2 protein chains.
Amino acid sequence: MTHIPFSGNPFDRASNQRQDDVWVAEQLASPAGRYLLLSRLEVLTHHSEAVELAWIDGAVCRGLDCAATPVLLGLRDGMPHFALDVSDIAEALPPLGVEGTAFAEARGLATTLPAEDAGIVAQARALVDWHTRHRYCGACGSPTVPAKAGAARHCEACGAQHFPRTDPVVIMVVWREDRCLLGRRRGRGPGAFSCIAGYVDQAETIEEAVRREVLEEVGLEIDEVVYHASQPWPFPSTLMIGCFAHATSFEAHVDELEIEEARWFTHNEIRAAVAGTNAELTIPGPVAIAHHLIRDWSEGL
Amino acid sequence: MTHIPFSGNPFDRASNQRQDDVWVAEQLASPAGRYLLLSRLEVLTHHSEAVELAWIDGAVCRGLDCAATPVLLGLRDGMPHFALDVSDIAEALPPLGVEGTAFAEARGLATTLPAEDAGIVAQARALVDWHTRHRYCGACGSPTVPAKAGAARHCEACGAQHFPRTDPVVIMVVWREDRCLLGRRRGRGPGAFSCIAGYVDQAETIEEAVRREVLEEVGLEIDEVVYHASQPWPFPSTLMIGCFAHATSFEAHVDELEIEEARWFTHNEIRAAVAGTNAELTIPGPVAIAHHLIRDWSEGL
């Protein structure tokens, strides 16, 4: 199996040390600290021969007048690495000590950055987005404050602790004999097919979620479910759980709410689509786990 | 593999129909509606020869003066089944039309109820708890209202949609040669060992989360990770993702923050513990996926 983008984050997340406020304060004050700036969830990059992440020195970042608290991503070579949301001052940033920088969308960076850096982008985007959308306590409505160097938020009014959210999603190649079934979502152009997918619901196993989603969206019964691979997908923060799902018949009926058309494709049709030489079928690019699942199925992996 | 408690929920969740407010109103008014009452997350049960769920008629529930909105669990034999949080009126419930009822804790019900009913308890507890703790909008702090028959909450102030949360957790049997490593958590009695486990973090695959948690808690490097089974665990709402994780050495070092002691056990020691005949080792009971993972490993599954 080839590398799946957004995996491969290289940090030591310092899960234990970050419980210690003194240790966290030392990291924030460290001259070795490096900061990744985000504005409206776009990531600051530096463009020279290739695109790379624009890490900014702690001394510069400590002088920035932004409202957000830095979020500790983790340690690398002993150096603390932070993400900092500068959305409120992005229009008027002072010199940052790096030339040729620009904010870039995370999805495009997934396949242009080195794998480890794309994994860093995924973590930074998911965490900064979570902080932005959880400024208030769901239980009592009071403002919350960051805790554990950004790995939690705390409500001082009611005492509730809130932790970053990751939503499990099942995504599957439905197959039978030498064919697999892909769906064309509402609004997608002719020939643009992908895997069936959906959020895991309460009180479901992975296998039950796969069976429910396939039944709801294309009306097929699934017997065997085999887990294949997973992917962190930071839009906003899901864990994509990729499976192969064996259908008990070929009789698909689309629900028409989410899927407009479902069609069975042969190994050869899929292999041609992976190679980009199938005029009738386009599958998602390698940024998406769907690409890897479909290709691995076509190769008998 | 034997049945894992809390899986096996039998409902058609009506994911598509519940988008339609008219259809939802019809279900709420239906004379065939059945309601499962919860008070402080305990579930109303009926005790005759065996423990069973106490389903209450819609006509009775529509007369109850509680603050909560019924949450649609799903359809069974065409009949809508709801969960209703009556915590605010539980001390003074009127006659419900069923004798011999009592509120019972969900965990104890997992192995005393039939499997499908335990799956219903898991869904009801997870959903009612989520509604209780998400009455306000994380983005703006305003009150939210239930939507989609309880499958969402809507913020009328800022327009944000909020969906029930399910947290993915990895839980694993760490093994090497003929031994597996289990940990004794801080505060557990001597001999009480279980699997290593932890929440999946942002920008991690399942396999990366397994490797990080094992490294953090017992200092071992993991090479191969094999997914085995999953379990919905409604305390409050996690998806337990069970794996076998192969260690590259026997040299464990506990972190002492979460795990007090880690020890390698042979197949035979584990088999005796599963049978309840190992005086030195107690593993979790069948309510927990840990039991099933440990036993399946000991049986070479």
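Whatever comes next refers back to the structure up there.
Rules of the game
Residues numbered from 1 in each chain as written. Chains lettered and ligands numbered in written order. Predicted model: local features only at pLDDT ≥ 70, side-chain atom pairs only at ≥ 80, totals over all residues. Heavy atoms only, no water. Helix = DSSP H or I, 4+ residues; strand = E, 2+ residues; numbered from the N terminus. Buried < 20%, exposed > 50% of the residue type's maximum accessible area, 1.4 Å probe, protein only. Contact = heavy atoms within 4.5 Å. Areas by Shrake-Rupley, 256 points an atom, 1.4 Å probe, with all protein chains shown as cover. Lys, Arg positive; Asp, Glu negative; His and termini not counted. Charge placed at Lys NZ, Arg CZ, Asp CG, Glu CD. Core = buried A, V, L, I, M, F, W, Y, C linked by side-chain atoms within 4.5 Å. Axes fitted to C-alpha atoms, helices over the stretch in contact; angles between N-to-C directions. Parallel < 35°, antiparallel > 145°, perpendicular 65-115°, else oblique. Left-handed = near helix turned anticlockwise from the far one by under 90°. Salt bridge = Lys/Arg side-chain N within 4 Å of Asp/Glu carboxyl O. Least-squares fit on C-alpha atoms with pLDDT ≥ 70 in both. Expected span 1.5 Å × (residues − 1). Polar contact = N/O pair within 3.5 Å; in protein donor to acceptor, adjacent residues only side chain to side chain.

## A short note on the overall build of chain A
Alright, step 1. When you go through chain A residue by residue, the secondary structure sums to seven helices and 16 strands.
Alright, step 2. If one aligns the C-alpha atoms of chain A with their principal axes, the spans along those axes are about 60 × 50 × 35 Å.
Alright, step 3. Here chain A, with 301 residues, has 53% of them falling under the buried criterion.
Alright, step 4. Put simply, 65% of the contacts in chain A that link residues at least 6 apart link residues at least 24 apart.
Alright, step 5. Just so you have it, chain A exposes about 12600 Å², and 50% of that area is on carbon and sulfur atoms.
Alright, step 6. Charge-centre separation for chain A: the mean point of 24 positive side chains lies 1 Å from the mean point of 42 negative side chains.

## Digging into the nonpolar core
Alright, step 1. Val 174 and Ile 241 of chain A together with Val 174 and Ile 241 of chain B are the most contacted members of the largest nonpolar core, which totals 44 residues.
Alright, step 2. Excluding its chain neighbours within four sequence positions, the residues that come into contact with Val 174 of chain A are Arg 179, Cys 180, Leu 181, Ile 196, Val 214, Leu 220, Ile 222, Ala 245, Ala 247 and Trp 264 of chain A.

## Side note on the packing of helix H6 (residues 267-274) of chain A against helix H7 (residues 289-298) of chain A
For any two helices packed against each other, one specifies the crossing angle of their axes together with the interaxial distance.
Residue and element names in this part refer to chain A.
Alright, step 1. Where H6 contacts H7, the two axes come as close as 9 Å, and the packing angle between them is 135 degrees. Taken together, the axis directions place H6 and H7 in an arrangement best described as oblique. The two elements H6 and H7 meet at a crossing, and its hand is left-handed. Note on element contacts: H7 touches H6 through Ile 294, Arg 295, Trp 297 and Ser 298, opposite His 267, Ile 270, Arg 271 and Val 274.

## Details of H7 of chain A
Along an α-helix, residues three or four apart share an orientation, since each turn contains 3.6 residues.
Residues and elements named next belong to chain A.
Alright, step 1. Of all 10 residues in H7, 10 are buried; the element is thus mostly enclosed.
Alright, step 2. Considered for burial, the residues of H7 that qualify are Ile 289, Ala 290, His 291, His 292, Leu 293, Ile 294, Arg 295, Asp 296, Trp 297 and Ser 298.
Alright, step 3. Buried positions along H7 lie against strand S11 (167-176), strand S12 (179-185), strand S14 (222-233), strand S15 (238-247), strand S16 (259-266) and H6.
Alright, step 4. Where H7 terminates, the next one or two residues include Gly 300, which has phi positive at roughly 70 degrees.

## Side note on the pattern of salt bridges
Alright, step 1. The tally for this structure, following the rule as stated, stands at 32 salt bridges over all chains.
Alright, step 2. With a closest N to O distance of 3.9 Å, Glu 204 of chain B and Arg 13 of chain A form a salt bridge. A residue pair is termed interchain when its members come from two chains, as with Glu 204 of chain B in the loop between strand S13 (196-199) and helix H5 (206-218) and Arg 13 of chain A in the segment before helix H1 (21-29). Like Glu 204 of chain B, the residue Arg 13 of chain A is buried in the burial classification.
Alright, step 3. Two residues, Asp 129 of chain A and Arg 133 of chain A, come together in a salt bridge whose shortest N-O distance is 2.8 Å.
Alright, step 4. Judged by relative accessible area, which is 8%, Asp 129 of chain A ranks as buried.
Alright, step 5. Accessibility expressed as a relative area gives 37% for Arg 133 of chain A, which makes it partly exposed.
Alright, step 6. Linked through salt bridges whose partners overlap, the residues forming this network are Arg 13 of chain A together with Asp 201, Glu 204, Arg 212, Glu 213 and Glu 216 of chain B.

## A closer look at the relation of the copies chain B and chain A
Alright, step 1. The two copies are related by a screw operation: chain B maps onto chain A through 180 degrees of rotation and 0.0 Å of translation along the axis, at an RMSD of 0.0 Å. Taken together, the rotation angle and the small translation identify this as a two-fold axis. For chain B, the minimum C-alpha distance to the rotation axis belongs to Gly 141 of chain B and amounts to 2.3 Å.

## So, helix H5 (residues 206-218) of chain A
Residues and elements named next belong to chain A.
Alright, step 1. Here H5 is 13 residues long and its end C-alpha atoms lie 18 Å apart, about the 18 Å a rise of 1.5 Å per residue gives.
Alright, step 2. By the criterion of burial, H5 is predominantly enclosed, with 10 of the 13 residues buried.
Alright, step 3. Backbone geometry just downstream of H5 places Gly 219 in the positive-phi region, at approximately 70 degrees.

## What to know about the side chain of Arg 153 of chain B
All names here are of chain B.
Alright, step 1. Here Arg 153 is to be found in strand S9 (residues 152-155).
Alright, step 2. No salt bridge is formed by the buried Arg 153; the nearest opposite charge belongs to Asp 85, separated by 9.0 Å.
Alright, step 3. Only 2.9 Å separates the side chain of Arg 153 from the side chain of His 131, close enough to count as a polar contact.
Alright, step 4. Among the polar contacts made by the side chain of Arg 153, one reaches the main-chain carbonyl oxygen of His 134 at a distance of 2.9 Å.
Alright, step 5. Not counting the four nearest positions on each side in its chain, Arg 153 is found in contact with Trp 130, His 131, His 134, Arg 135, Thr 144, Val 145, Pro 146, Ala 147, Ala 160, Gln 161 and His 162.

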